[in-house]
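What follows is the residue order along each chain.
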Amino acid sequence: MRLARAGAIDPKARIQVLRTGPSARAPSSSSDSIPLSEALDRILAGDCVETLRRLPDASVDLVFADPPYNLQLEGTLTRPDASVVDAVDDDWDKFASFADYDAFTRAWLAECRRVLKPNGTLFVIGSYHNIFRVGTALQDLGFWLLNDIVWRKANPMPNFRGRRFTNAHETMIWASRDAKAKGYTFNYEALKAGNEDCQVRSDWFLPLCTGAERLKGEDGAKAHPTQKPEALLARIVMAASNPGDVVLDPFFGTGTTGAVAKKLGRRFIGLERDPAYIAHAERRIAACAQTAPELLLAPAAKREEPRVAFAAIVEGALLNVGTVLTDAKRRHQATVRPDGTIMASGIVGSIHKIGALVQGLPACNGWTFWHREVDGKLEPIDALRAAYREAMAKAA
Ligand SMILES: C[S@@+](CC[C@H](N)C(=O)[O-])C[C@H]1O[C@@H](n2cnc3c(N)ncnc32)[C@H](O)[C@@H]1O
């Protein structure tokens, strides 16, 4: 295995690394347990199963795990020009048998499940070599599968021998701690708002980690063979956690999860056993700046916002009876009635029903379809709903 030289570390740039040492071998007891406060925003050096055993129950909101893939590579992989491919042939990826790999997988997954809060979730990423074994273990251990997400690589490594399809994706399994878990974090509205108002799908098209983001050793070679792109982690962290939440990564590598967690105002716990990777992760995370807290607040999920009846807007005199509403292009008109309905071409109904009717559509969101004129400009009546909610929140 080619290990990158860690090089000199600027003491100011250091984050704290806790050496867990051989005493971590025993199952957790009060004497060797690690309090959550001592684990937050730290890299815990050592074997992840042993370290996990020392962390408190139900203390983590989200786990992202990028475990060994057990690639079972035999011999050196070469390109058609005989140059050697920089494949993952590291010791940490080698297991004597599938049974050994399964035992290891079940050990770390069981501990992750124990440290997860009841409403916590876990993402595991893998390839065809291991992800099916991981999926079985997850279900056997009581996790509940929520999605499998395909990370389609924009720039995959070609299949040099031309004997198989290009391996152009990895699979992530997203699971909740328990079957039918309620209240797990999924920032649906924020994801949708950032995706042209379309639901985010389970196939993600993202490039591999390259260029300036890819950490290099002093020899200029890749610091780690499987450094994940920050964009992948950012989507996971934003989707399944909130600012201040604790994100744990049992296979921390170069600290991609820690860097993204810090930037996005989450706390992290990193577990890693290779000192060279830890050194890279430390410097990387220390150099990251946190985004301003006010920019991190997720928009309130629509279903969490109190319902507002259009009648309440009329009754509250936010909109006068007789006001003529139009659509954004002034093609349709309707008049506000005192009972909270509107009338168009003699037909009376709700803002949604009349909005759908005038357009010849089966459904319509009347709050965003209908507008009123304010100082010569059209404004959606949804602005009145927001003002009403704000006033109600202040009064509460
Ligand atoms: C697939 S890599 C993770 C790379 C990481 N996601 C990144 O972006 O840099 C797996 C990492 O797990 C570490 N590892 C493997 N087995 C481990 C164990 N039993 N305990 C702690 N770390 C382990 C390896 O040293 C390696 O850095």
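What comes next concerns the included structure.

Basis of the calculations
- Residues numbered from 1 in each chain as written.
- Predicted model: local features only at pLDDT ≥ 70, side-chain atom pairs only at ≥ 80, totals over all residues.
- Heavy atoms only, no water.
- Helix = DSSP H or I, 4+ residues; strand = E, 2+ residues; numbered from the N terminus.
- Buried < 20%, exposed > 50% of the residue type's maximum accessible area, 1.4 Å probe, protein only.
- Contact = heavy atoms within 4.5 Å.
- Near = heavy atom within 4 Å.
- Polar contact = N/O pair within 3.5 Å; in protein donor to acceptor, adjacent residues only side chain to side chain.
- Nonpolar A, V, L, I, M, F, W, Y, C, P; charged D, E, K, R; others polar.
- Pairing = 2+ DSSP bridges.
- Phe/Tyr/Trp six-rings, centres within 6.5 Å; stacked < 30°, edge-to-face > 60°.
- Lys NZ or Arg CZ within 6 Å of the ring centre and 35° of its normal.
- Core = buried A, V, L, I, M, F, W, Y, C linked by side-chain atoms within 4.5 Å.

Per the secondary structure count, the protein chain includes 13 helices and 15 strands. Residue burial in the protein chain is summarised as follows: out of 396 residues, 43% are buried. Look at the contacts in the protein chain between residues 6 or more apart in sequence, and 69% of them connect residues 24 or more apart.

Another point: the site of the ligand. Lining the immediate surroundings of the ligand are 20 residues, of which C48, D66, T254, T256 and E272 lie closest. D47 is positioned with one of its side-chain polar atoms (N or O) 2.8 Å from a nitrogen atom of the ligand. Contact between the ligand and C48: a nitrogen atom at 2.8 Å from a main-chain N or O atom of the residue. Class assignment of the residues belonging to the shell around the ligand gives a composition of eight nonpolar, seven polar and five charged.

Every regular strand shows the same layout, with side chains that alternate between the two sheet faces. Of the strand pairs in this sheet, strand β14 (residues 371–374) and strand β15 (residues 377–380) are connected by four bridges, and their pairing is antiparallel. Counted as the bridge partner of H371 is P380 from β15. The loop that links β14 with its antiparallel partner β15 comprises two residues; one of these, D375, has a positive phi angle of about 50°.

Scanning all chains against the criterion turns up eleven aromatic pairs. Ring geometry for F104 against F251: centres 6.0 Å apart, planes inclined by 65°, an arrangement best described as edge-to-face. One end of the pair, F104, is in helix α3 (residues 98–115); the other, F251, is in the loop between β8 (246–249) and α7 (256–263), with 147 residues separating them in the sequence. The exposure classification of F104 matches that of F251, with both residues buried. The structure contains a cluster of three or more aromatic residues connected by ring pairs, namely F95, Y101, F104, W108 and F251. A cation sits over an aromatic face here: R113 above F143, 5.9 Å from the ring centre.

This next bit is on the pairing of strand β2 (residues 42–45). By the alternation rule, side chains of β2 split into R42 and L44 and I43 and A45, which are all buried. Here β2 runs beside strand β9 (residues 267–272); their pairing, made up of four bridges, is parallel. Looking at the pairing, I43 lines up with G270 of β9.

Before going further, it helps to examine the nonpolar core. Ranked by size, the top nonpolar core spans 32 residues in total, and within it L55, W108, L109, L122 and I269 carry the most contacts. For this core, the elements supplying multiple residues, two or more each, are α2 (48–52), β3 (60–65), α3, β4 (116–126), α4 (131–141), β6 (169–176), β8 and β9. No other element matches the six residues that α3 contributes to this core. Those residues within four positions of W108 in sequence are excluded, and the remaining contacts are C48, V49, L52, A65, P67, V124, P250 and F251. Within the second largest apolar cluster, 22 residues are counted, among which are F123, M172, L232 and V260.

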